[in-house]
Amino acid sequence: MAENFGILFQWLLFMGMAFVSIVASILVITRKNPIHSALFMVLTLLCVAVLYILLHNPFIAIIQVIVYAGAIVMLIVFVIMLLDLETELRSKLKIVYSKVIGGFLAVLFLIGLLYVAVAKSPTGQTGSYTPEKMGTNVKTVGESLFTTYLFPFEIVSILLVAAIIGAVILSKKRT
Amino acid sequence: MWVVPTIPPALYLMLSGILFTIGVIGALTRRNAIVVFMCIELMLNAVNLTFITLSRFLQSVDGVIFAFFVMAVAAAEAAVGLAIFVMLYRSRETINVDEVNLLKW
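For the structure given in this document, a descriptive report is provided here.

Quick notes on the rules
- Residues numbered from 1 in each chain as written.
- Chains lettered and ligands numbered in written order.
- Predicted model: local features only at pLDDT ≥ 70, side-chain atom pairs only at ≥ 80, totals over all residues.
- Heavy atoms only, no water.
- Contact = heavy atoms within 4.5 Å.
- Buried area = accessible area lost by both parts, 1.4 Å probe.
- Polar contact = N/O pair within 3.5 Å; in protein donor to acceptor, adjacent residues only side chain to side chain.
- Helix = DSSP H or I, 4+ residues; strand = E, 2+ residues; numbered from the N terminus.
- Axes fitted to C-alpha atoms, helices over the stretch in contact; angles between N-to-C directions.
- Parallel < 35°, antiparallel > 145°, perpendicular 65-115°, else oblique.
- Nonpolar A, V, L, I, M, F, W, Y, C, P; charged D, E, K, R; others polar.
- Patch = residues over 30% accessible without salt bridge, like charges linked within 9 Å, V, L, I, M, F, W, Y side chains within 5 Å.
- Areas by Shrake-Rupley, 256 points an atom, 1.4 Å probe, with all protein chains shown as cover.
- Salt bridge = Lys/Arg side-chain N within 4 Å of Asp/Glu carboxyl O.
- Buried < 20%, exposed > 50% of the residue type's maximum accessible area, 1.4 Å probe, protein only.

**Things to note about the interface of chain A and chain B**
Then, in step 1: Listed as interface residues are 84 residues of chain A and, on the opposing side, 72 residues of chain B.
Then, in step 2: The contact between chain A and chain B buries some 7000 Å² in all, and 77% of this surface belongs to carbon and sulfur atoms.
Then, in step 3: In this assembly, chain A and chain B are joined by eight residue pairs in polar contact (both at pLDDT 80 or more).
Then, in step 4: Those elements giving two or more residues to the side of chain A that touches chain B turn out to be helix H1 (2-30), helix H2 (34-54), helix H3 (58-83), helix H4 (98-119), helix H5 (137-147) and helix H6 (150-171) of chain A.

Printed below as a string of structure tokens:
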């Protein structure tokens, strides 16, 4: 009985988070003011972080909150403030039936993605990382990251250094 | 006794597909380069959700590692991309993507 209540609570949480994240991401692409878009994006990212916790992955959930919602959106908000943007006007470019064609293509794309999601259950050899073993999630991920995936990890550090240097050089004032 | 089934992976994958579609629509319809950039982040986020879901239901840790790398690349992309927008605004006084058409044939 207690397990039933737990799973029911998971369903409620999943449905709520899914609904809020979809609504917030629709608001991201429809608001005229880019600051509002950025704040609704934070809401979407936080909802997805809750879903990561439901999937027994607290490590990625924490990284999501710190890196995405904390650092990247922060950077975006700073740049929006720096640039002093006016609210976006409609494009002067007009294509006949553009809304109809675009909506049709978008629905087609969505149906394709949903079909792929439900057509086949994920097949493949299941690994050894059962939910019990993933209980100590950070330890498991860290062990894998520093043994099997050590080389890609070092490459990513070089990529980040290159990105920092590139950003500084790009935004430097020309002398 | 009636037992509640656990959440199937297909629901997570469908949610990921919906979020990805919304990101694609935004990236194709908005004019402001920063909002286009945010939509690209939304798409990366949807793909990360797919990785974590399949990693959970195939009981493998590889998906988690890959999502970690995707986040690192997204952070690098944010730094360089926003620097490019600042430079663009300095030279052209606009970041509307349809007014920046110097390279357009």
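**Considering the packing of helix H2 (residues 33-57) of chain B against helix H3 (residues 62-92) of chain B**
Residue and element names in this part refer to chain B.
Then, in step 1: One can describe the packing of H2 onto H3 by two numbers: an axis separation of 9 Å at closest approach and a directional angle of 175°. In this view, H2 runs roughly antiparallel relative to H3, as classed from their interaxial angle. Between H2, through Ala33, Ile34, Phe37, Ile40, Glu41, Leu44, Asn48, Phe51, Ile52 and Ser55, and H3, the contact on the second element is made entirely by Gly63, Val64, Phe66, Ala67, Val70, Met71, Ala74, Glu77, Ala78, Leu82 and Phe85.
Then, in step 2: Here the contact of H2 with H3 is composed, by residue class, of 16 nonpolar, three polar and two charged.

**Quick look at a nonpolar patch on the surface**
Residues and elements named next belong to chain A.
Then, in step 1: A grouping of Val96, Tyr97, Val100, Ile101, Phe104, Leu105 and Leu108 is seen on the molecular surface, where their side chains present a nonpolar patch of about 790 Å² in accessible area.
Then, in step 2: Here Ile101 shows up in helix H4.
Then, in step 3: With relative accessibility at 46%, the residue Ile101 sits in the partly exposed group.

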